[in-house]
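# Residue-level structure breakdown
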Amino acid sequence: VMSSSCSSALEMEIFQYIDEHQSDFIKDLKEWVAVESDSVQPHLRKEAIRMMALAADRLTALGTTVNLVNLGSHQSPDGQVLPLPSVILGELGKDPQNPTVCFYGHVDVQPAKKEDGWNTDPYTLTEINGVHLFIRNLYGRGAIDNKGPALAWINAVETFRALKLSMTVNFKFVIEGMEEAGSLGLEKLLEEENQSFFSDVDYIVISDKLWLSNKKPALTYGSQGNACFFVECGSKDLYSGTFGGIIHEPLLDLIALLDGLVDCTGHIQIPGIYDSVAALTEEERKLYESIEFDPEEHRNNCGVKKFLYGTKEEILLHLWHYPSLSIHGIEGAFHEPGIKTVIPAKVIGKFSIHQVPHMDLLVVKQQVVEHLEGVFSKRNSPNKLKVSMPLGAKPWLADVNDLLYKAARGAIKTVFGEDPDFIRDGSTIPVARMFQTITQKSVMMLPIGAADDGEHSQNEKISRHNYIEGAKLFAVFFLEISKLH
């Protein structure tokens, strides 16, 4: 174990190298952002595949043994058979005395077009001054989700190699190109590799998602699950002038069903839905109190006039501790400009429930079906009701007292000069749960993105500061985990 003075001299050497190579690191990110590796749109699949080759080359240049695993093909929603991008399984260092840390990242991106409201070309990394002149932002699709963080990790490893420092950690890499389209084929690959590739892995780190604040670093220790529902009511298209007022209209049935799901305070109206929610512990309540969270800043980041709740604690509780229900749309109703006086035949309402730990997907589905059937039966409608759950992802929760979190906390304190907030993410992070369930290893989310970085949004960005300090954070984390292991 290094003495603290040795350790700080080493840190200074690492920080100096990273600072001096900022422009190289930004040039690499520019090259990655320029690839339109959108995994959602079939015509860009070849770009997602090209991006995997680029990432493999970058890792090979580090000295990593790279295995590009072919996952075969899949059928897209429009019926095309498309090749799946290969998944990178990489390995660097095999010292049995060192801990082995596996990094997961993805290099595919969400769709983006300039005309969607971007101020710059989404595939040209563009550096612009922020609101505060001392902050410079790097705008581009994938800058924060997830090309920037993946490169920051690679840059940290490269720093050790370039300075010829003894490696205190063995590295493994799992990098995919289909995360934004549901990580097709990844789960099966993890199961197949669990006894081999993952057998000597001690820890798994994912750098995705954002801090809760624009300035204060955070460690994510949990995320919500998500159950998506379709509720369908139907008969056949009719003219409103002939039949309006004398029939049970499917759209009126559907609106009544959707209206009964959640009240104006955000409380879910489905009986039993809160039964499995864990009681709030004193430890969790204290975590919420200590978190630096400015509701006003959060409100400005998402552009709404007011929240359902007034205090920081209430907002965080409803983001993370309690389930929530959102309605996403109605398929089959007329939605073009102008008016069409038709009574639509078949309409499908789409909504989702974000679940929290201890909620069972199958129980939630049963509660939803029983509630909707109960509301529907009171309408005495002859229309057919069909409820389905096409998608269900379970929540994820890690132990904040785990060594991984202790090492990351120490690294954040060294690089950013303050302790991180311990946060949960209101969105669903299926890969965290997938890695934890299959490998049974410690999994940690170590984000480097600020709350206003706009992942999935127009004008997605990462600040130059977070991208460069992120590489320093990862480098110090390598030192910290080897000390604690």
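Higher on the page you've got the structure.
From a predicted model like this one, the values you see are computed outputs, not experimental measurements.

Analysis parameters
Residues numbered from 1 in each chain as written. Predicted model: local features only at pLDDT ≥ 70, side-chain atom pairs only at ≥ 80, totals over all residues. Heavy atoms only, no water. Core = buried A, V, L, I, M, F, W, Y, C linked by side-chain atoms within 4.5 Å. Buried < 20%, exposed > 50% of the residue type's maximum accessible area, 1.4 Å probe, protein only. Helix = DSSP H or I, 4+ residues; strand = E, 2+ residues; numbered from the N terminus. Domains from an automatic or database assignment. Contact = heavy atoms within 4.5 Å. Axes fitted to C-alpha atoms, helices over the stretch in contact; angles between N-to-C directions. Parallel < 35°, antiparallel > 145°, perpendicular 65-115°, else oblique. Left-handed = near helix turned anticlockwise from the far one by under 90°. Nonpolar A, V, L, I, M, F, W, Y, C, P; charged D, E, K, R; others polar. Pairing = 2+ DSSP bridges. Arc of directions from axis to C-beta.

### So, the nonpolar core
Considering soluble globular proteins, one finds that nonpolar side chains tend to be buried as a cluster. Formed by 105 residues in total, the largest nonpolar core has its most connected members in Trp153, Val174, Phe435, Tyr467, Phe477 and Phe478. With 11 residues, the single largest contributor to this core is helix α14 (residues 464-484). Counting contributing residues, this core receives three or more from each of domain 1 (9-222 + 394-483) and domain 2 (225-393). Apart from residues no more than four positions distant in its own chain, phenylalanine 477 is found in contact with Val101, Trp153, Val205, Leu404, Ala407, Ala408, Ala411 and Met444. Formed by 27 residues, the second largest nonpolar core is a distinct cluster that contains Ile270, Val277, Ala333 and Met389.

### With respect to the packing of helix α2 (residues 22-33) against helix α4 (residues 147-162)
Running from N to C, α2 and α4 point in directions that differ by 140°, and their axes come no closer than 10 Å. By the criterion of interaxial angle, the relationship of α2 to α4 is oblique. The handedness of the crossing between α2 and α4 comes out as right-handed. Listed contacts from α4 to Phe25, Asp28, Leu29, Trp32 and Val33 of α2 are Lys147, Gly148, Ala150, Leu151, Ile154, Asn155, Glu158 and Thr159. Taken together, the residues that form the contact of α2 with α4 break down as seven nonpolar, three polar and three charged.

### Considering the sheet that holds strand β13 (residues 324-331)
Across the sheet, four strands lie side by side as β13-β15-β11-β16; this open sheet has antiparallel pairing. Across the chains shown, the open sheet's two edge strands, defined by having one partner strand only, are β13 and β16 (384-393). Strand-to-strand twist of the sheet, defined as the mean angle between neighbouring strand axes without regard to direction, takes the value 20°. Two strands pair when backbone bridges link them, and strand β11 (residues 225-234) and β16 are joined in this way by eight bridges, in the antiparallel orientation. Bridge pairing in β16 places cysteine 233 opposite leucine 385. The sheet strands contacting helix α7 (residues 250-259) are β11, β13, β15 (346-355) and β16, and the helix crosses β11 at an angle near 150°. Where helix α11 (residues 361-377) meets the sheet, it contacts β11, β15 and β16, and its direction lies at approximately 160° from that of β16.

### As for helix α5 (residues 186-193)
Of the positions making up α5, those classed as buried are Leu186, Leu189, Leu190 and Glu193. The buried residues of α5 occupy an angular sector of 100° when the element is viewed end-on, so they sit on one face. What points out from α5, more than 90 degrees from its buried face, is the exposed set Lys188 and Glu192. Those residues of α5 that are buried are in contact with β1 (65-69), β4 (87-92), β5 (100-106), β8 (170-176) and α13 (430-439).

Bear in mind that shape data such as this cannot, by itself, settle questions of function.
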